[in-house]
Amino acid sequence: SFHLEGPFREKSIMKATLSYLALLAISSFFVGATAGAPTEVERLEQFHARNYTWPVREFQPNTPGWDKLMRHRLRQVEEIEDWQSRWEGYIQIMAAGVTQPNFTEYGFGLARAPDDLMEALRDGIRDGLAKGPREEYYIEAIEGLRPWFIDR
């Protein structure tokens, strides 16, 4: 059998100990993450007790334009086949349509920017277009042309 002596033996013991501690820490995390978590029945009871619905009844701000946009996005996300991408899509919609405040009908508004800032932005766009923009990666459920990205 193979036997380690001196500093090699100490390193081997230290590595084994660290590996064991790392495994113990990871295991404790997963056990702790589920301990005290509600059952599915309890989760549904709380969902209904808080008057939650799916899909949501009302987006914020509650305007016809924002509602139309959010419902269109929901329909797009529903068609994403990959469950992780679909989950991320739902998270984005809920953030934009429910939890993050918007103050206009479409979630954005116009404001006048200083002329020097506008010129710097125009220069950046022109330079980026001259170098050749890159397209956003393909997402199956999102229709239309893919947006361009300009790297500076």
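Here the structure is a predicted model, which is why all the values come from computation and not from measurement.

A. Highlighting the overall build of the protein. Helices and strands together make up the secondary structure of the protein, namely five helices and two strands. If you list the helices and strands of the protein from N to C, you get α-α-α-α-α-β-β. In the protein, which comprises 152 residues, the proportion classed as buried is 14%. Pairs at least 24 apart in sequence give 45% of the contacts found in the protein among residues at least 6 apart. For the protein, the accessible area works out to roughly 13000 Å², and carbon and sulfur atoms hold 60% of it.

B. Focus on the packing of helix 3 (residues 64-78) against helix 4 (residues 83-99). Taken N-terminus to C-terminus, the directions of helix 3 and helix 4 make an angle of 170°; their axes are 9 Å apart at the nearest point. In terms of orientation, helix 3 lies roughly antiparallel with respect to helix 4. Each of W66, M70, R73, L74, V77 and E78 in helix 3 lies in contact with helix 4, whose residues at this interface are R86, G89, Y90, I93, A96 and G97. Among the residues making up the contact of helix 3 with helix 4, the classes are represented as seven nonpolar, two polar and three charged.

C. Broad picture of helix 5 (residues 115-131). For helix 5, built from 17 residues, the straight-helix expectation of 24 Å at 1.5 Å per residue is met to within 8% by its first-to-last C-alpha distance of 24 Å. Positive phi shows up at G132, right after helix 5, with a value of about 100°.

D. Representation of a nonpolar patch on the surface. On the surface, I125, L129, W148 and I150 cluster together into a nonpolar patch covering about 380 Å² of accessible area. Note that I150 resides in the segment after strand 2 (148-149). Judged by relative accessible area, which is 30%, I150 ranks as partly exposed.

E. Geometry of unusual backbone geometry. For the bond running from Q60 to P61, omega is 0°, close enough to zero to count as cis. Mapping P61 onto the fold places it in the loop between helix 2 (40-49) and helix 3. The phi torsion at N51 lies on the positive side, around 60°, for a residue other than glycine. Looking at where N51 falls in the secondary structure, it is placed in the loop between helix 2 and helix 3.

F. Highlighting the side chain of Q76. Along the chain, Q76 falls in helix 3. Classification of Q76 by relative accessible area gives buried; the value is 15%. In contact with Q76, other than residues within four places in its own chain, are A141, I142 and E143.

Basis of the calculations
- Residues numbered from 1 in each chain as written.
- Predicted model: local features only at pLDDT ≥ 70, side-chain atom pairs only at ≥ 80, totals over all residues.
- Heavy atoms only, no water.
- Helix = DSSP H or I, 4+ residues; strand = E, 2+ residues; numbered from the N terminus.
- Buried < 20%, exposed > 50% of the residue type's maximum accessible area, 1.4 Å probe, protein only.
- Contact = heavy atoms within 4.5 Å.
- Areas by Shrake-Rupley, 256 points an atom, 1.4 Å probe, with all protein chains shown as cover.
- Axes fitted to C-alpha atoms, helices over the stretch in contact; angles between N-to-C directions.
- Parallel < 35°, antiparallel > 145°, perpendicular 65-115°, else oblique.
- Nonpolar A, V, L, I, M, F, W, Y, C, P; charged D, E, K, R; others polar.
- Expected span 1.5 Å × (residues − 1).
- Patch = residues over 30% accessible without salt bridge, like charges linked within 9 Å, V, L, I, M, F, W, Y side chains within 5 Å.
- Salt bridge = Lys/Arg side-chain N within 4 Å of Asp/Glu carboxyl O.

Read these as geometric descriptors, not functional statements.
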